[in-house]
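Next come the chains, spelled out residue by residue.
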Amino acid sequence: MARIAFIGVGNMGGPMAANLVKAQHQVRAFDLSAENLDRAEAAGAERAASLADAVRDVDAVVTMLPAGPEVRAVYLGEGGIVGLVAPGTLLIDASTIDVDAARAVAAGAAAAGFEMIDAPVSGGVGGASAGTLTFMVGGSEAAFARAEPILQHMGKTIVHTGASGAGQAAKICNNMILGISMIAVSEGFNLAEKLGLDPQKLFDVASRSSGQCWSMTTYCPVPGPVPASPANRDYQAGFTAAMMAKDMRLAQQAAQTSGAVTPLGAAAAQLYGLMNAVGRGGQDFSGIIRVLAGK
Ligand code: NAD
């Protein structure tokens, strides 16, 4: 049993912290939202009154925060984690943030003598609740070895992708592929509709031929062929278009700084940005099919 501080118990962090409690860890939770803290407490976590209270005398800290600025502030800002934790505390950031911020925060932690990994996840709220997340981990071999037994209680697949920042790099590359492939599948179904082709027939063909991909077979953007997909519940998220727009922006930032050529990623970032701008950011990202159809 380890003593773990969990900072950020929102949609993802809440169920992740609950799984650590179920695995008999002693979890102390902190969040700016009293409502989210109530839920964490109901799931068996100890309620911390402040960040300092949460991270005092723990073996590890896990953060699950919205984006890079929050992660930088919570670790390196005034009254931040790096100045509060006991020597030897392992630091794990599971948020999805930009590669540069992940490297900067890990470097700040290392300068203060702490091991830190970036460990973003894929699998969504469903995966967080079921404890089946995929973790993509950037950091040293030693830090990975220490973190793995903790991550195992929240995820099923844990891959050490390289040095600091490599977890975030894997995450944004994967999500750029996903964002683009969902648009490709949506365009296919929209064209089929114009051509008078039954969407189920397109699915029967494309799901078993070269158009096959996750966006087609697991998360199909038209209602019918895949009953569990958000299209069957009026595009209720799931994974929101706002979150997808954020990940696509991160991918574009990384492409610009690294010199990678990603024209489809750029177009996809614009399209999810548009979906957000027209007030549909709270819908599932697969609702992009309706934006493209002008519906
Ligand atoms: P969320 O908004 O539900 O949760 C974030 C929590 O952080 C909130 O409860 C908020 O109050 C808290 N918070 C913000 N600033 C804080 C601070 N300074 N101190 C303490 N708490 C603070 O978001 P989420 O959906 O749980 O996503 C969290 C991260 O996981 C994001 O980086 C997101 O990109 C990533 N992610 C989300 C999903 C998904 O499907 N929701 C999937 C994979 C990855």
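Cut-offs applied
- Residue numbers restart at each chain and count upward from 1, following the sequence in its written direction.
- In keeping with the model being predicted, local features are shown solely for residues with a pLDDT of at least 70 and side-chain atom pairs are shown and tallied solely at 80 or more, while totals for entire chains, interfaces and linings include all residues.
- Computation of side-chain values: all heavy atoms of the structure, hydrogens and water removed.
- Think of it this way: one heavy atom of a residue within 4 Å of a molecule or strand is enough to make that residue near it.
- In protein, a polar contact means a hydrogen-donor-capable atom and an acceptor-capable atom, both N or O and within 3.5 Å, with residues adjacent in sequence counting only if both atoms are side-chain atoms; elsewhere, any N or O pair within 3.5 Å suffices.
- For the accessible areas, the method is Shrake-Rupley and the probe is 1.4 Å, while residue cover comes only from the protein chains on display.
- Each residue is assigned to one of three groups, with Ala, Val, Leu, Ile, Met, Phe, Trp, Tyr, Cys and Pro labelled nonpolar, Asp, Glu, Lys and Arg labelled charged, and all others, Gly among them, labelled polar.
- Residue ranges for the domains trace back to a domain assignment, done automatically or taken from a database.
- Only one rule defines a salt bridge in this text: a Lys or Arg side-chain nitrogen within 4 Å of an Asp or Glu carboxyl oxygen.
- Numbering of helices and strands runs from the N terminus; a helix is a DSSP stretch of H or I covering at least four residues, while a strand is a stretch of E covering at least two.
- Exposure categories follow from relative accessible area, calculated using a 1.4 Å probe and restricted to protein chains: below 20% of the type maximum is buried, above 50% is exposed, and the middle band is partly exposed.

**Things to note about the site of the ligand**
Neighbouring the ligand are 23 residues; Asn-11, Met-12, Asp-31, Asn-36 and Pro-66 lie closest to it. Within the backbone of Leu-65, a nitrogen or oxygen atom sits 2.9 Å from an oxygen atom of the ligand. The protein chains hide 86% of the 830 Å² of surface that the ligand would expose on its own. Split into classes, the residues belonging to the shell around the ligand amount to eleven nonpolar, eight polar and four charged. There are two domains that each give the shell around the ligand at least three residues, and those are domain 1 (3–163) and domain 2 (169–293).

**Focus: the pattern of salt bridges**
In total, this model carries nine salt bridges according to the counting rule given. Here Arg-146 makes a salt bridge to Glu-115, at a shortest N to O gap of 3.0 Å. Taken together, the positions of Arg-146 in helix H7 (residues 141–151) and Glu-115 in the loop between helix H5 (99–111) and strand E6 (116–118) put the pair 31 residues apart, joining distant regions of the chain. Under the relative-accessibility criterion, Arg-146 is labelled partly exposed at 36%. For Glu-115, a relative accessible area of 29% translates into the label partly exposed. Salt bridges sharing partners connect three or more residues here, namely Asp-38, Glu-41 and Arg-47.

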